[in-house]
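So the chains spell out like this:
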Number of protein chains: 2
Amino acid sequence: MKHSSFLAQQFAFLEEADRLKNILRATPIHDDSRPENSGEHSWHVALYAMVLAGHAAPEVRIDRVIKMLLLHDLVEIDAGDTPIHGDFDAAEQEAKEKLAADRIFGLLPAAQALEFRALWDEFEAAETPDAIFGKSIDRVQPLALNMASGGGSWREYNVTLDQIDARVGTKVARGAPTVWTYIRARVEHFFVTQD
Amino acid sequence: MKHSSFLAQQFAFLEEADRLKNILRATPIHDDSRPENSGEHSWHVALYAMVLAGHAAPEVRIDRVIKMLLLHDLVEIDAGDTPIHGDFDAAEQEAKEKLAADRIFGLLPAAQALEFRALWDEFEAAETPDAIFGKSIDRVQPLALNMASGGGSWREYNVTLDQIDARVGTKVARGAPTVWTYIRARVEHFFVTQD
Ligand SMILES: [Ca+2]
């Protein structure tokens, strides 16, 4: 393939990716001024991974985790965000996200499309140490934002501490147990002092 | 240091970082609906680096470049963004950014503060292959956004193609010459068809 058409495919992907900045999440940013979008969320969780790398299992390769987190939400361009505390049909959402991955990663040159898709599939499967740590990180960041913004998506969805333990805690504790112990204490304190 | 106070410092940094989502840049997002913020910009340029890694010099370590790009704009929380086509006092801005780096990286546990500060200093100095490639990537992304949005910050600042060559082209070509050749042709075509 000619150099210029290779680059044209890479830029088609990178320019399409900009649409992730228009996908809004249930969590507000820290000052509660507006919802967080999935583009800035992807930056923030990659930074979380970089900072919290020392709390991962020793076999975790943080560079791969960061790449997974940079890619993990791109499918939302077609499939939308599904708030963890909201109602959605998991099987239907999974099918939508697979179609989105086909289309969006398919914009890239073939070898890179395969490489990125494999990282996304690995993250979604949540079976390897890298994916398990990445999923923990993705679940931790909204806890801090919800506390900073005075309740955020917990308030909107009337979420209880037991629901956070069940929906979020199990996943965070699986990949980053020391981080969960730390943030769980803060979340409990937040709930006690809000009531 | 106790585990919990170590994590408290890491979270103080990560929660402070959220303020980067409120720093607005001169470049609009693709649909010209609003200015891009520096948090989502940081995600987008990290993704650019990941996609365009094959166009870097062979000695470039892309994982370090991605980390630099995730950190590179954090100083704007205190020092603000300085549009490349706008007027500003470079020495004064540099002094502000160094103070910002002291404060913001200083929130982290000591060893991590040093590690992150060293990455940021290396990026700013633009002397190592990793920093040179990272700087190229940071300059390429706004070109695509300005074209997508119909002119963006070029229109706002009445920028000419010669000014783009001088202010942006030299820096992009230094770290990613094949990428510059490709995007330069698109930018020229954009200017010709706009006139
Ligand atoms: Ca998500």
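Residues numbered from 1 in each chain as written. Chains lettered and ligands numbered in written order. Predicted model: local features only at pLDDT ≥ 70, side-chain atom pairs only at ≥ 80, totals over all residues. Heavy atoms only, no water.

As annotated in an unreviewed UniProt entry, chain A carries the name 5'-deoxynucleotidase and comes from Falsihalocynthiibacter arcticus. Note on chain A: under the UniProt heading Catalytic activity (unreviewed entry), the record states "a 2'-deoxyribonucleoside 5'-phosphate + H2O = a 2'-deoxyribonucleoside + phosphate". Its UniProt record gives chain A the following Subunit (unreviewed entry) comment, quoted word for word: "Homodimer." (UniProt positions renumbered as here; feature names shortened; annotations may be inferred.)

K.L.:
Looking at this model, I keep getting lost on the interface of chain A and chain B. Mind explaining?
P.N.:
A common way to express how large an interface is: the accessible area buried when the components associate. Between chain A and chain B, the contact holds 55 residues from the first and 55 residues from the second. When chain A packs against chain B, close to 4600 Å² is buried across both sides, 69% of that on carbon and sulfur atoms. Of all residues in chain A, Lys21(A), Trp43(A) and Met50(A) give up the largest surface area on contact with chain B, accounting jointly for 17% of the area buried on that side. Across the chain A-chain B interface, the total number found is six salt bridges. (Contact = heavy atoms within 4.5 Å. Buried area = accessible area lost by both parts, 1.4 Å probe. Salt bridge = Lys/Arg side-chain N within 4 Å of Asp/Glu carboxyl O.)

K.L.:
Whenever I open this one, the pairing of strand 1 (residues 24-28) of chain A confuses me. Can you help?
P.N.:
The side chains of a regular strand alternate between the sheet's two faces. Residue and element names in this part refer to chain A. Examined bridge by bridge, strand 1 and strand 2 (residues 35-37) share two bridges and lie antiparallel to one another. Each residue of the ladder has a partner; that of Pro28, found in strand 2, is Pro35. Between strand 1 and the antiparallel strand that follows it, strand 2, lie six residues; Asp32 among them carries a positive phi value of about 60 degrees. (Pairing = 2+ DSSP bridges. Helix = DSSP H or I, 4+ residues; strand = E, 2+ residues; numbered from the N terminus.)

K.L.:
Which parts of the structure should I look at to understand the nonpolar core?
P.N.:
The nonpolar side chains of a soluble globular protein tend to be buried, and buried together. In this structure, Phe13(A), Leu52(A), Phe13(B) and Leu52(B) are the most contacted members of the largest nonpolar core, which totals 118 residues. Ignoring sequence-local partners within four residues, the contact set of Phe13(B) consists of Leu47(A), Val51(A), Leu74(B), Ile104(B), Phe105(B), Leu107(B), Leu108(B) and Phe116(B). (Core = buried A, V, L, I, M, F, W, Y, C linked by side-chain atoms within 4.5 Å. Buried < 20%, exposed > 50% of the residue type's maximum accessible area, 1.4 Å probe, protein only.)

K.L.:
Where do I start with the relation of the copies chain A and chain B in this structure?
P.N.:
Mapping between the two chain copies consists of a rotation about an axis together with a translation along that axis. Placing chain A over chain B gives an RMSD of 0.0 Å and needs a rotation angle of 180 degrees, together with 0.0 Å of translation along the axis. In short, the pair behaves as if placed about a two-fold rotation axis. Interface overlap between copies: 100% of the residues of chain A at the interface are likewise at the interface in chain B, consistent with a symmetric, same-surface contact. (Least-squares fit on C-alpha atoms with pLDDT ≥ 70 in both.)

K.L.:
Any chance you could explain helix 7 (residues 129-148) of chain B here in plain terms?
P.N.:
One full turn of an α-helix is made of 3.6 residues, so residues set three or four places apart face in the same direction. All names here are of chain B. Across its 20 residues, helix 7 extends 30 Å between first and last C-alpha, which sits within 8% of the 28 Å expected from 1.5 Å per residue. Most of helix 7 sits out of view: 16 of its 20 residues are buried. One or two positions beyond helix 7, positive phi appears at Gly150, with a value near 85 degrees. (Expected span 1.5 Å × (residues − 1).)

K.L.:
Mind showing me how you'd approach the packing of aromatic side chains here?
P.N.:
Note on aromatic pairs: each is described by the distance of the centres and the angle between the planes. Within the structure shown, the criterion is met by 14 aromatic pairs over all chains. When the centroid spacing of 5.3 Å and the interplanar angle of 45 degrees are considered together, the rings of Trp154(B) and Phe191(B) count as tilted. Note that Trp154(B) is positioned in helix 8 (residues 152-156) and Phe191(B) in helix 10 (residues 177-194), a separation of 37 residues in sequence. For the pair Trp154(B) and Phe191(B), one class covers both residues: buried. Taken together, the ring pairs in this structure connect Phe11(A), Tyr48(B) and Tyr182(B) into an aromatic cluster. (Phe/Tyr/Trp six-rings, centres within 6.5 Å; stacked < 30°, edge-to-face > 60°.)

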